[in-house]
Amino acid sequence: MRHVVYCYFCGYHFCDIFFYAEGKAIDYLINEQIRDKEVRVIGSEGNQLGVMSVQDARKAAEEAGLDLVRVSPNANPPVCKIIDYGKFRYEISRKEKEAKKKQKTVEIKEVRLSPNIEDNDLNTKINQARKFLEKGNRVKVTLRFRGRELAYVNQNKPLLDDFAEKLSDISVIDKPAKFEGRSMTMFLAAKNK
(Lines give C-alpha, C1' and ligand atoms only; values in the text may rest on other atoms or scores of the structure.)
Protein backbone atom coordinates (compact mmCIF):
# COMPACT_ATOMS: atom_id res chain seq x y z
CA MET A 1 0.00 0.00 0.00
CA ARG A 2 1.57 3.30 -1.06
CA HIS A 3 1.30 6.30 1.28
CA VAL A 4 2.58 9.85 1.18
CA VAL A 5 4.39 10.56 4.44
CA TYR A 6 5.36 13.94 5.88
CA CYS A 7 8.67 14.00 7.74
CA TYR A 8 8.42 16.29 10.78
CA PHE A 9 12.20 16.56 11.11
CA CYS A 10 13.10 17.85 7.69
CA GLY A 11 9.71 18.94 6.30
CA TYR A 12 9.76 16.87 3.12
CA HIS A 13 7.00 14.75 1.66
CA PHE A 14 8.08 11.39 0.37
CA CYS A 15 6.43 8.19 -0.77
CA ASP A 16 7.08 5.05 1.18
CA ILE A 17 5.89 1.49 1.18
CA PHE A 18 4.34 0.16 4.38
CA PHE A 19 4.07 -3.56 5.02
CA TYR A 20 1.87 -4.88 7.80
CA ALA A 21 3.13 -7.67 10.04
CA GLU A 22 1.16 -8.80 13.08
CA GLY A 23 -1.01 -5.67 12.98
CA LYS A 24 1.99 -3.31 13.02
CA ALA A 25 3.14 -1.19 10.11
CA ILE A 26 6.73 -1.80 9.08
CA ASP A 27 8.16 0.95 6.92
CA TYR A 28 11.12 0.24 4.71
CA LEU A 29 13.03 3.42 3.96
CA ILE A 30 15.31 3.36 0.92
CA ASN A 31 18.36 5.35 -0.23
CA GLU A 32 17.88 9.12 0.43
CA GLN A 33 14.93 8.51 2.77
CA ILE A 34 17.27 7.08 5.43
CA ARG A 35 18.09 9.95 7.82
CA ASP A 36 20.19 8.10 10.43
CA LYS A 37 23.80 9.17 11.02
CA GLU A 38 25.28 5.68 11.28
CA VAL A 39 23.93 2.32 10.15
CA ARG A 40 25.03 -1.31 10.28
CA VAL A 41 25.31 -2.48 6.68
CA ILE A 42 24.76 -5.97 5.30
CA GLY A 43 26.07 -6.57 1.80
CA SER A 44 24.25 -8.02 -1.19
CA GLU A 45 25.59 -11.55 -0.50
CA GLY A 46 24.59 -11.37 3.18
CA ASN A 47 28.06 -10.53 4.50
CA GLN A 48 28.47 -7.87 7.23
CA LEU A 49 30.17 -4.69 6.05
CA GLY A 50 30.10 -3.18 9.55
CA VAL A 51 28.94 0.14 11.00
CA MET A 52 29.40 3.12 8.68
CA SER A 53 27.88 6.49 7.88
CA VAL A 54 24.80 6.62 5.68
CA GLN A 55 26.70 8.43 2.92
CA ASP A 56 29.30 5.64 2.73
CA ALA A 57 26.56 3.01 2.75
CA ARG A 58 24.73 4.78 -0.11
CA LYS A 59 27.97 4.92 -2.11
CA ALA A 60 28.50 1.18 -1.57
CA ALA A 61 24.93 0.50 -2.74
CA GLU A 62 25.38 2.71 -5.83
CA GLU A 63 28.62 0.92 -6.72
CA ALA A 64 26.82 -2.41 -6.54
CA GLY A 65 23.92 -1.00 -8.62
CA LEU A 66 21.41 -1.80 -5.85
CA ASP A 67 19.37 0.02 -3.21
CA LEU A 68 20.14 0.68 0.45
CA VAL A 69 17.09 -0.48 2.45
CA ARG A 70 16.60 0.03 6.21
CA VAL A 71 15.25 -3.32 7.40
CA SER A 72 15.53 -2.95 11.16
CA PRO A 73 14.86 0.61 12.36
CA ASN A 74 14.71 -0.28 16.08
CA ALA A 75 18.22 -1.77 16.28
CA ASN A 76 21.08 0.32 17.61
CA PRO A 77 22.47 1.34 15.11
CA PRO A 78 19.69 0.66 12.52
CA VAL A 79 20.38 -2.22 10.14
CA CYS A 80 20.41 -1.58 6.39
CA LYS A 81 20.79 -4.07 3.55
CA ILE A 82 22.16 -3.55 0.07
CA ILE A 83 19.54 -5.28 -2.08
CA ASP A 84 17.28 -4.80 -5.11
CA TYR A 85 14.24 -3.08 -3.56
CA GLY A 86 11.75 -4.25 -6.19
CA LYS A 87 12.81 -7.86 -5.73
CA PHE A 88 12.67 -7.41 -1.93
CA ARG A 89 9.07 -6.11 -2.10
CA TYR A 90 8.09 -8.98 -4.39
CA GLU A 91 9.55 -11.58 -1.99
CA ILE A 92 7.67 -10.07 0.97
CA SER A 93 4.34 -10.00 -0.88
CA ARG A 94 4.87 -13.60 -2.03
CA LYS A 95 5.56 -14.74 1.54
CA GLU A 96 2.40 -12.98 2.76
CA LYS A 97 0.33 -14.75 0.08
CA GLU A 98 1.83 -18.12 1.06
CA ALA A 99 1.01 -17.45 4.71
CA LYS A 100 -2.59 -16.61 3.79
CA LYS A 101 -2.92 -19.84 1.81
CA LYS A 102 -1.77 -21.88 4.80
CA GLN A 103 -4.22 -20.23 7.18
CA LYS A 104 -7.35 -22.20 7.89
CA THR A 105 -10.37 -20.26 9.04
CA VAL A 106 -12.59 -22.06 11.51
CA GLU A 107 -16.18 -20.93 11.44
CA ILE A 108 -18.68 -21.29 14.26
CA LYS A 109 -21.91 -22.84 13.06
CA GLU A 110 -25.00 -22.71 15.25
CA VAL A 111 -27.59 -25.39 15.86
CA ARG A 112 -30.71 -24.23 17.73
CA LEU A 113 -32.84 -26.50 19.84
CA SER A 114 -35.97 -26.04 21.92
CA PRO A 115 -36.72 -27.86 25.20
CA ASN A 116 -39.68 -29.77 23.76
CA ILE A 117 -37.92 -31.04 20.62
CA GLU A 118 -39.01 -34.45 19.32
CA ASP A 119 -36.58 -37.34 18.75
CA ASN A 120 -36.62 -37.20 14.93
CA ASP A 121 -36.02 -33.44 14.95
CA LEU A 122 -33.19 -33.93 17.43
CA ASN A 123 -31.60 -36.58 15.18
CA THR A 124 -31.84 -34.16 12.22
CA LYS A 125 -30.06 -31.47 14.25
CA ILE A 126 -27.41 -34.00 15.33
CA ASN A 127 -26.79 -34.97 11.68
CA GLN A 128 -26.54 -31.30 10.76
CA ALA A 129 -23.98 -30.70 13.53
CA ARG A 130 -22.07 -33.83 12.43
CA LYS A 131 -21.68 -32.36 8.92
CA PHE A 132 -20.36 -29.09 10.35
CA LEU A 133 -17.87 -30.93 12.57
CA GLU A 134 -16.64 -33.11 9.70
CA LYS A 135 -15.83 -29.94 7.73
CA GLY A 136 -13.68 -28.80 10.68
CA ASN A 137 -16.01 -26.08 11.99
CA ARG A 138 -16.92 -25.48 15.62
CA VAL A 139 -20.58 -25.93 16.55
CA LYS A 140 -22.51 -23.74 18.97
CA VAL A 141 -25.50 -25.66 20.32
CA THR A 142 -28.15 -23.29 21.65
CA LEU A 143 -31.12 -24.43 23.71
CA ARG A 144 -33.63 -21.55 23.69
CA PHE A 145 -36.29 -21.11 26.36
CA ARG A 146 -39.55 -19.18 25.95
CA GLY A 147 -42.07 -18.06 28.54
CA ARG A 148 -42.88 -20.78 31.10
CA GLU A 149 -40.04 -22.98 29.79
CA LEU A 150 -37.64 -20.82 31.85
CA ALA A 151 -38.99 -22.47 35.02
CA TYR A 152 -37.63 -25.85 33.85
CA VAL A 153 -34.09 -24.91 32.81
CA ASN A 154 -32.34 -27.51 35.00
CA GLN A 155 -34.56 -30.32 33.73
CA ASN A 156 -33.50 -29.65 30.13
CA LYS A 157 -29.70 -29.66 30.64
CA PRO A 158 -29.56 -33.44 29.95
CA LEU A 159 -30.79 -32.65 26.42
CA LEU A 160 -27.50 -30.86 25.67
CA ASP A 161 -25.50 -33.63 27.39
CA ASP A 162 -27.29 -36.22 25.23
CA PHE A 163 -26.57 -34.12 22.12
CA ALA A 164 -22.86 -34.01 22.97
CA GLU A 165 -22.76 -37.74 23.80
CA LYS A 166 -24.24 -38.70 20.41
CA LEU A 167 -21.48 -36.69 18.70
CA SER A 168 -18.69 -37.85 21.04
CA ASP A 169 -17.15 -40.07 18.32
CA ILE A 170 -16.08 -37.04 16.24
CA SER A 171 -16.24 -34.14 18.71
CA VAL A 172 -15.22 -32.92 22.14
CA ILE A 173 -16.93 -30.36 24.34
CA ASP A 174 -15.02 -27.12 23.83
CA LYS A 175 -17.09 -25.11 26.33
CA PRO A 176 -19.59 -26.86 28.61
CA ALA A 177 -23.25 -25.87 28.78
CA LYS A 178 -23.77 -22.43 30.29
CA PHE A 179 -27.01 -20.56 30.92
CA GLU A 180 -27.06 -17.00 29.57
CA GLY A 181 -30.20 -14.84 29.36
CA ARG A 182 -32.97 -16.99 27.88
CA SER A 183 -30.75 -19.68 26.37
CA MET A 184 -28.24 -22.35 27.33
CA THR A 185 -25.22 -22.67 25.05
CA MET A 186 -22.53 -25.29 24.56
CA PHE A 187 -19.63 -25.37 22.08
CA LEU A 188 -18.38 -28.51 20.35
CA ALA A 189 -15.12 -28.82 18.43
CA ALA A 190 -13.94 -31.56 16.07
CA LYS A 191 -11.51 -34.10 17.53
CA ASN A 192 -7.92 -33.86 16.37
CA LYS A 193 -7.09 -36.91 14.31
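The structure presented is a predicted model; accordingly, all values stated were derived computationally and were not measured. Along each chain, the written sequence defines residue order, and numbers are assigned to residues from 1. The predicted origin of the model limits local features to residues at a pLDDT of at least 70 and limits the giving and counting of side-chain atom pairs to 80 or more, whereas totals for whole chains, interfaces and linings rest on all residues. The side-chain figures draw on all heavy atoms in the structure; neither hydrogens nor water molecules are used.

1. Overview of the overall build of the protein
- Every helix listed is a DSSP run of H or I at least four residues long, and every strand listed is a run of E at least two residues long, numbered separately from the N terminus. Looking only at helices and strands, the protein features four helices and eleven strands.
- Throughout this description, buried means an accessible area under 20% of the type-specific maximum (1.4 Å probe, protein chains only), exposed means over 50%, and partly exposed covers the range between. Here the protein holds 193 residues, and the buried ones make up 32% of them.
- By definition, residues are in contact when any of their heavy atoms lie within 4.5 Å. Sequence separation of at least 24 residues holds for 50% of the intrachain contacts in the protein that already meet a minimum separation of 6.
- Carbon and sulfur atoms form 48% of the exposed surface of the protein, whose accessible area is close to 13200 Å². Each accessible area value is a Shrake-Rupley result obtained with a 1.4 Å probe; residue values ignore everything except the protein chains displayed when judging cover.

2. Let's talk about the sheet that holds strand β6 (residues 67-72)
- As summarised here, the arrangement of the four strands in space is β5-β4-β7-β6, forming an open sheet in which the pairing is mixed. The open sheet is flanked by β5 (48-53) and β6, the only strands paired with a single partner. Along the sheet, successive strands turn relative to each other by an average axial angle of 35°, direction set aside.
- The pairing of β6 with strand β7 (residues 79-83) spans five bridges and is antiparallel. Bridge pairing links aspartate 67 to isoleucine 83 in β7.
- Between N-to-C directions, angles span 0 to 180 degrees; the directions come from axes that are lines fitted to C-alpha atoms, helices contributing only their stretch in contact. Helix α1 (residues 54-64) contacts β4 (38-42), β5, β6 and β7 of the sheet and is inclined by roughly 130° relative to β5.
- Where helix α2 (residues 85-102) meets the sheet, it contacts β6 and β7, and its direction lies at approximately 35° from that of β6. The pairing criterion is simple: DSSP has to find at least two bridges between the two strands.

3. Some words on the confidence of the model for the protein
- Averaged over every residue, the pLDDT of the protein is 79; residues scoring 70 or more account for 85%.
- Values of pLDDT, ranging from 0 to 100, describe the predictor's confidence in every residue of the model. Note that pLDDT drops below 50 for residues 1-25; the model gives that stretch 53 contacts with residues more than four away or on any other chain.

4. Comments concerning the sheet that holds strand β11 (residues 183-190)
- What the four strands build is an open sheet, ordered β8-β9-β11-β10; its pairing is mixed. Two strands in the sheet have a free side with no partner beyond their single neighbour: β8 (108-113) and β10 (171-180). Direction aside, neighbouring strands of the sheet carry axes that sit 20° apart on average.
- When β10 meets β11, the two strands line up antiparallel, connected through seven bridges. Residue lysine 175 lies in a different strand from β11, and its bridge partner there is phenylalanine 187.
- Packed on one face of the sheet, helix α3 (residues 119-134) meets β8, β9 (138-144), β10 and β11 and runs near 175° to β8.
- Against the sheet, helix α4 (residues 157-166) contacts β8, β9, β10 and β11, and its axis sits at roughly 10° relative to β11.

5. Re α4
- Three or more residues of α4 are buried, namely Leu159, Leu160, Phe163 and Ala164. Projected down its long axis, α4 shows its buried positions confined to an angular sector of 135°, all on one face.
- Of the surrounding secondary structure, the elements contacted by the buried residues of α4 are β8, α3, β9, β10 and β11. Arc definition: it is the arc formed by the directions from the helix axis to the C-beta atoms.

6. Some words on the pattern of salt bridges
- The salt bridge definition used is simple: a Lys or Arg side-chain nitrogen within 4 Å of an Asp or Glu carboxyl oxygen. For the structure shown, the criterion picks out nine salt bridges.
- Residue lysine 109 is joined to glutamate 107 by a salt bridge in which the shortest nitrogen-to-oxygen separation is 3.4 Å.
- Classification of lysine 109 as partly exposed rests on a relative accessible area of 26%.
- Notably, a salt bridge pairs lysine 166 with aspartate 162, separated by 3.7 Å at the nearest N-O pair. Of the two residues, lysine 166 and aspartate 162 both sit in helix α4, four residues apart, roughly one turn of that helix.
- Lysine 166 sits in the partly exposed class, given a relative accessible area of 37%.
- Judged by relative accessible area, which is 30%, aspartate 162 ranks as partly exposed.

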